[in-house]
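Read off the chains here:
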Amino acid sequence: MKIITATWFPSSKSPRSDHFPKVGELMKSFDPAKVLLDIEAAAKEAASAGKVGVTGYCFGGAMTWRAAHAGLGLSAASSYYGGGVQNYIDLAPTIPIEC
């Protein structure tokens, strides 16, 4: 099984508390559908090696939940402290997911 990660940071630097204003601005134009396209493309690429799972932490955990709902060719998902998952709770997973 290959694992892909749903991770997003606004820069190449590790996240710090002073990055929240920048993240807030970036989130105004954020489109979750584009993240799902990226996850799907990564899953298709990795699928040649076998089953593919996705994992994400915090914001990535919420995107992992959405990916688990959409399927996207994934076999399993694992969401760690998925920030905002409650906003997507009506999106029932279609693959096994651990939260």
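No experiment lies behind these values; they were computed from the predicted model shown.

**Student:** So what exactly am I meant to see when it comes to the packing of helix α2 (residues 32-46) against helix α3 (residues 59-70) here?
**Tutor:** A pair of packed helices can be characterised by two numbers: the angle between their axes and the separation between those axes. It is the contact of α2 with α3, at a shortest axis distance of 10 Å, that shows an interaxial angle of 70 degrees. Judged by the inter-axis angle, α2 sits roughly perpendicular to α3. Facing α2, whose interface residues are Pro32, Val35, Leu36 and Ile39, α3 presents Met63, Arg66 and Ala67. When grouped by side-chain class, the residues that make up the contact of α2 with α3 number six nonpolar, no polar and one charged.

**Student:** Can you walk me through the environment of Tyr88 in this structure?
**Tutor:** Secondary-structure assignment places Tyr88 in the loop between β3 (76-80) and β4 (97-98). With relative accessibility at 18%, the residue Tyr88 sits in the buried group. Along the backbone, Tyr88 and His69 are 19 residues apart, and their C-alpha atoms lie at a distance of 9.3 Å.

**Student:** I tried to follow the nonpolar core on my own but got confused; where do I start?
**Tutor:** Here is a general trend for soluble globular proteins: nonpolar side chains tend to be buried in one another's company. If you look at the biggest cluster of nonpolar residues, it comprises 18 residues, and the most contacted ones within it are Ile39, Val54, Ala67, Leu72 and Leu74. Looking at this core, the elements that each hand over two or more residues are α2, β2 (52-57) and α3.

**Student:** Explanation requested: α2 in the structure shown.
**Tutor:** Residues spaced three or four apart along an α-helix point in a common direction, a consequence of the helix completing one turn every 3.6 residues. Relative to the 21 Å expected for 15 residues at 1.5 Å per residue, α2 spans 21 Å between its end C-alpha atoms, a close match to the ideal helical length. Two to three positions downstream of the cap, the backbone nitrogen of Ala33 sits 3.0 Å from a side-chain oxygen, assigning the N-cap of α2 to Asp31.

**Student:** How do you make sense of a nonpolar patch on the surface when you look at a structure like this?
**Tutor:** Judged by side-chain polarity, Tyr57, Tyr80 and Tyr81 come together as a nonpolar surface patch covering roughly 440 Å² of accessible area. Note that Tyr57 resides in strand β2. On the basis of relative accessibility, which here comes to 56%, the residue Tyr57 falls in the exposed class.

**Student:** I would appreciate a short explanation of the pattern of salt bridges in the present structure.
**Tutor:** Pairs can form between side chains of opposite charge whenever their charged atoms are close. Considering all chains together, one arrives at two salt bridges under this definition. Put simply, Lys28 and Glu25 hold a salt bridge, and the shortest N to O gap is 2.9 Å. Residue Glu40 pairs with Lys44 through a salt bridge whose shortest N-O separation is 4.0 Å. With a gap of four residues between them, Glu40 and Lys44 both fall in helix α2, about one helical turn apart. Here Lys44 falls in the exposed class, since its relative accessible area comes to 58%.

Calculation criteria
- Residues numbered from 1 in each chain as written.
- Predicted model: local features only at pLDDT ≥ 70, side-chain atom pairs only at ≥ 80, totals over all residues.
- Heavy atoms only, no water.
- Axes fitted to C-alpha atoms, helices over the stretch in contact; angles between N-to-C directions.
- Helix = DSSP H or I, 4+ residues; strand = E, 2+ residues; numbered from the N terminus.
- Parallel < 35°, antiparallel > 145°, perpendicular 65-115°, else oblique.
- Contact = heavy atoms within 4.5 Å.
- Nonpolar A, V, L, I, M, F, W, Y, C, P; charged D, E, K, R; others polar.
- Buried < 20%, exposed > 50% of the residue type's maximum accessible area, 1.4 Å probe, protein only.
- Core = buried A, V, L, I, M, F, W, Y, C linked by side-chain atoms within 4.5 Å.
- Expected span 1.5 Å × (residues − 1).
- Polar contact = N/O pair within 3.5 Å; in protein donor to acceptor, adjacent residues only side chain to side chain.
- Patch = residues over 30% accessible without salt bridge, like charges linked within 9 Å, V, L, I, M, F, W, Y side chains within 5 Å.
- Areas by Shrake-Rupley, 256 points an atom, 1.4 Å probe, with all protein chains shown as cover.
- Salt bridge = Lys/Arg side-chain N within 4 Å of Asp/Glu carboxyl O.

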